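The lines below spell out each chain.
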Amino acid sequence: MRARPLLALLLLHGCLWRSYEHIMEVHLQVLASMATKVVATAEGGRRPTSNDVTELIYPLQRARQFAHQYRGSAGRESYRRFVALLDRYQQFAETIDAARGDEQRWATVATQLAGQRQALLDAAEQVRAALVAEKE
């Protein structure tokens, strides 16, 4: 009877270990889509609401949980680049949150968002390249 929970735990751990790349890719896609969404909002002339910021930050929190769960991979280039991407995304989100309440400040920040989004997309590509290199 006790063997079943142990077996389930071992299988789950094995599945998580094998899916590092897949899980990371999902996080990369979600973070990129959120950055794209906020840029589209800004280009549409609308300032984000507090709900928009919460929606922007939630994927970051989940990605940080993933990074914490896989902290044993800290020696991998993909992991280091991923954590750097998360730091960049957090700065992106915090900049948006800080500026959204002030129309003039938001107008300035909004003009910079597309460039910041592109930097995030480039950083995500660097993570993907590191994942590919680690497989070779």
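All of these numbers come straight from a predicted model, not from anything done at the bench.

Draft legend 1. Summary view of the pattern of salt bridges. What the rule picks out here adds up to 10 salt bridges. Between arginine 76 and glutamate 21 there is a salt bridge, with its nearest N and O atoms 3.1 Å apart. In this pair, arginine 76 sits in the loop between helix H3 (50-69) and helix H4 (77-99) while glutamate 21 sits in helix H2 (residues 20-43), placing the two residues 55 residues apart along the sequence. Aspartate 52 is the partner of arginine 46 in a salt bridge, and the nearest nitrogen-oxygen pair spans 3.0 Å. Here the residues in one salt-bridge network are Glu21, Arg76 and Glu134, joined through shared partners.

Draft legend 2. Representation of the packing of aromatic side chains in the model. The final tally for this structure, using the stated rule, is five aromatic pairs. One aromatic cluster is present, formed by Tyr20, Phe66, Tyr70 and Phe82 through successive ring pairs.

Draft legend 3. Representation of the nonpolar core. Ranked by internal contacts, the top residues of the largest apolar core, which has 33 residues, are Met24, Leu56, Phe82, Leu85, Phe92, Ile96 and Leu113. When residues of this core are traced back to their parent elements, those giving at least two are H2, H3, H4, helix H5 (103-110) and helix H6 (113-135). Setting aside residues no more than four positions away along its own chain, phenylalanine 92 makes contact with Ala35, Val38, Val39, Leu56, Leu113, Gln116, Arg117 and Leu120.

Draft legend 4. Highlighting the environment of glycine 45. Among the secondary structure elements, glycine 45 is positioned in the loop between H2 and H3. Residue glycine 45 is classed as exposed on the basis of its relative accessible area of 66%.

Draft legend 5. Looking closely at the packing of H4 against H6. Where H4 contacts H6, the axes come no closer than 8 Å and their chain directions differ by 165°. As judged from the angle between their axes, H4 and H6 are roughly antiparallel. Read as a crossing pair, H4 and H6 show a hand that is left-handed. Between H4 and H6, the residues in contact are Glu77, Ser78, Arg81, Phe82, Leu85, Arg88, Tyr89, Phe92 and Ile96 and Leu113, Gln116, Arg117, Ala119, Leu120, Ala123, Ala124, Gln126, Val127, Ala130, Leu131 and Glu134, respectively.

What counts and what doesn't
- Residues numbered from 1 in each chain as written.
- Predicted model: local features only at pLDDT ≥ 70, side-chain atom pairs only at ≥ 80, totals over all residues.
- Heavy atoms only, no water.
- Salt bridge = Lys/Arg side-chain N within 4 Å of Asp/Glu carboxyl O.
- Helix = DSSP H or I, 4+ residues; strand = E, 2+ residues; numbered from the N terminus.
- Phe/Tyr/Trp six-rings, centres within 6.5 Å; stacked < 30°, edge-to-face > 60°.
- Core = buried A, V, L, I, M, F, W, Y, C linked by side-chain atoms within 4.5 Å.
- Buried < 20%, exposed > 50% of the residue type's maximum accessible area, 1.4 Å probe, protein only.
- Contact = heavy atoms within 4.5 Å.
- Axes fitted to C-alpha atoms, helices over the stretch in contact; angles between N-to-C directions.
- Parallel < 35°, antiparallel > 145°, perpendicular 65-115°, else oblique.
- Left-handed = near helix turned anticlockwise from the far one by under 90°.

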